[in-house]
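# Observations on chain architecture
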Amino acid sequence: MFDDPLSPSWTPLLEAAWQAREHAHAPYSHFQVGAALLTATGEVVAGCNVENAAYPVTLCAERGALSAAVAAGLRPGGLVAAVVVTDVAELTPPCGACRQALVEFAATLPVLLANRHTRRLHHLENLLPHSFTGSHFQ
Ligand code: THU
């Protein structure tokens, strides 16, 4: 299913991510990002980057999607797959903050990066090895 970057299983996630990307608020970087998450209950939840005149307030597409998924009922362990789309030649991986935010909900997670022409499949455990989690202090 999600171990093949060309699997049709990715299609609803890719469509949702591209659609959300259209709504990106990126007047400062002009870099529009879309993301989509699939939850264990079968929901596809999308997000886009939301920039701010106070630059550090900017929210990445991945964390926007994650926030929407949690509001819809996502709990740790409930993430199945993630997609990040941009319209540039070099595929866009999640930033460090987004990797950390995602690992709170999924120790392992296929993360598909895509543009209009190509895809590359990564896994969160490789994008953020030796991650810090609640288990380190609980
Ligand atoms: N951005 C994302 O939305 N996700 C990423 O994975 C990388 C960066 C956004 C944040 C900002 O609006 C713009 O891309 C440039 O950094």
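An account of the accompanying structure is given in this report. Since we're looking at a predicted model, the values are computed, not measured.

### Digging into the side chain of T86
- Position of T86 relative to the elements: it lies in the loop between β3 (79-85) and α3 (96-103).
- Separated by 2.9 Å, the side chains of T86 and T92 make a polar contact.
- Discounting chain neighbours no more than four positions away, the residues touching T86 are W18, R21, F31, Q32, V33, T92, A114, N115 and R116.

### What about the pairing of strand β2 (residues 44-48)?
- Judged from the 5 bridges that link them, strand β1 (residues 34-39) and β2 form a sheet pairing that is antiparallel. Following the sheet pairing, G34 is matched in β2 by C48.
- Taken together, β1 and the strand that follows it, β2, pair antiparallel across an intervening segment of 4 residues, in which G42 is found at a positive phi of about 90°.

### Concerning unusual backbone geometry
- Phi angles above zero are rare outside glycine, and H30 is one such case at about 55°.
- Along the polypeptide, H30 turns up in the loop between α1 (11-21) and β1.
- For H30, a relative accessible area of 63% gives the class exposed.
- Of note in this structure, H130 is not a glycine but carries a positive phi near 55°.
- Considering the arrangement of structural elements, one finds H130 in the segment after α4 (124-127).

### Some details on the site of the ligand
- Near the ligand, the surroundings consist of S29, F31, V33, N49, E51, T58, C60, A61, E62, P93, P94 and C95.
- For the ligand, an oxygen atom lies 2.9 Å from a polar atom in the side chain of N49.
- Burial of the ligand by the protein amounts to 79% of the accessible area it has alone, namely 370 Å².
- Classifying every residue of the shell around the ligand by side-chain character gives 7 nonpolar, 3 polar and 2 charged.

Parameters at a glance
Residues numbered from 1 in each chain as written. Predicted model: local features only at pLDDT ≥ 70, side-chain atom pairs only at ≥ 80, totals over all residues. Heavy atoms only, no water. Helix = DSSP H or I, 4+ residues; strand = E, 2+ residues; numbered from the N terminus. Polar contact = N/O pair within 3.5 Å; in protein donor to acceptor, adjacent residues only side chain to side chain. Contact = heavy atoms within 4.5 Å. Pairing = 2+ DSSP bridges. Buried < 20%, exposed > 50% of the residue type's maximum accessible area, 1.4 Å probe, protein only. Near = heavy atom within 4 Å. Areas by Shrake-Rupley, 256 points an atom, 1.4 Å probe, with all protein chains shown as cover. Nonpolar A, V, L, I, M, F, W, Y, C, P; charged D, E, K, R; others polar.

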